[in-house]
Amino acid sequence: MASGVKVTDEVIAVFNDMKVRKAQANEEEKRKRKKAILFCMSKDLKNIVLDDGKEILLGDLGNTVQDPYQHFVKMLPPDDCRYALYDATYETKETKKEDLVFIFWAPDGASLKSKMIYASSKDAIKRKFEGIKHEWQVNGLEDLKDRHTLAEKLGGTSVVTLEGCPI
């Protein structure tokens with residue numbers, strides 16, 4: 001079900017920056033790297049755009065953001081839908097990993113119109129986000145409030161820590 005909604009170049013650029021981890025990045029570049037970001041519909045409902053100010057930068061960690069996962073959860077609006085990218089850092093029993101997770105937030109408190117517009121536009125943004133291994137549709141804070149659900153999405157029972165916190 002296509003809605004005719006377009007994904008802005010700015011959204012695609014943010015995704016590409018988050019997807020490509022530069023091994024040679026200097027400290028300043030690392031600090032500006034996005035840990036999480038929200039996307040929303042434009043006012044005219046024709047484009048998927050960046051949700052202004054709704055991001056976590058790696059440079060925020062340990063300064064203004066102590067727990068990136070909980071901070072991310074608090075950024076989600078209780079009464080409207082959003083798309084999000086979350087750069088999850090986790091450890092399995094074998095190795096340390098980082099993976100991007102595409103999240104479709106459709107809370108129970110959102111209007112039916114918002115849920116329908118976001119649901120019908122999800123394919124447009126997913127097509128632009130090539131290489132995403134993990135997708136998660138979340139319908140309420142109960143699904144998000146602890147790390148276990150995200151850990152299960154990332155690697156099932158083999159995940160032992162998420163964002164440095166034990167599971």
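Our subject is the structure listed above.
Residues numbered from 1 in each chain as written. Predicted model: local features only at pLDDT ≥ 70, side-chain atom pairs only at ≥ 80, totals over all residues. Heavy atoms only, no water.

(A) Layout of the nonpolar core. Counting 26 residues, the largest nonpolar core has Phe39, Ile48, Tyr83, Leu85, Ile125 and Phe129 as its most contacted members. Secondary structure elements with two or more residues in this core: α1 (9–19), β2 (34–41), β3 (47–57), β4 (82–92), β5 (96–105) and α4 (112–128). The leading source of residues in this core is α1, at five residues. Those residues in contact with Phe129 that lie beyond four places of it in its chain are Val11, Phe15, Phe39, Leu85 and Phe102. Residues Val65, Trp136, Leu150 and Leu162 belong to the second largest nonpolar core, which totals 24 residues. (Core = buried A, V, L, I, M, F, W, Y, C linked by side-chain atoms within 4.5 Å. Buried < 20%, exposed > 50% of the residue type's maximum accessible area, 1.4 Å probe, protein only. Helix = DSSP H or I, 4+ residues; strand = E, 2+ residues; numbered from the N terminus. Contact = heavy atoms within 4.5 Å.)

(B) Main features of the pairing of β5. Most of β5 sits out of view: seven of its ten residues are buried. If you look at the hairpin formed by β4 and β5, you'll find three residues sitting between the two strands. Here β5 runs beside strand β6 (residues 134–138); their pairing, made up of five bridges, is parallel. If you follow Ile103 over to β6, its bridge partner there is Trp136. Regarding topology, α4 serves as the crossover connection from β5 to the parallel β6, and that connection is right-handed. (Pairing = 2+ DSSP bridges. Right-handed = clockwise from strand over helix to strand, strands pointing away.)

(C) The arrangement of the pattern of salt bridges in detail. Within the structure shown, the criterion is met by nine salt bridges. Residue Arg33 pairs with Asp87 through a salt bridge whose shortest N-O separation is 3.4 Å. Taken as a pair, Arg33 in the loop between α2 (27–32) and β2 and Asp87 in strand β4 lie far apart in primary sequence, 54 residues in all. Comparing Arg33 with Asp87, the two get one shared label, buried. One network of salt bridges, in which partners are shared, links Asp51, Asp80 and Arg82. (Salt bridge = Lys/Arg side-chain N within 4 Å of Asp/Glu carboxyl O.)

(D) Looking closely at the pairing of β4. Most of β4 is tucked away: nine of the eleven residues are buried. Here four bridges tie β2 to β4, and the two strands are oriented antiparallel to one another. Each residue of the ladder has a partner; that of Leu38, found in β4, is Ala84. Bridge analysis of β4 against β5 gives ten bridges, and the strand direction is antiparallel. Of the residues in β5, the one forming a bridge with Thr89 is Glu98. Where β4 meets strand β7 (residues 159–162), three bridges bridge the pair, whose relative direction is antiparallel.

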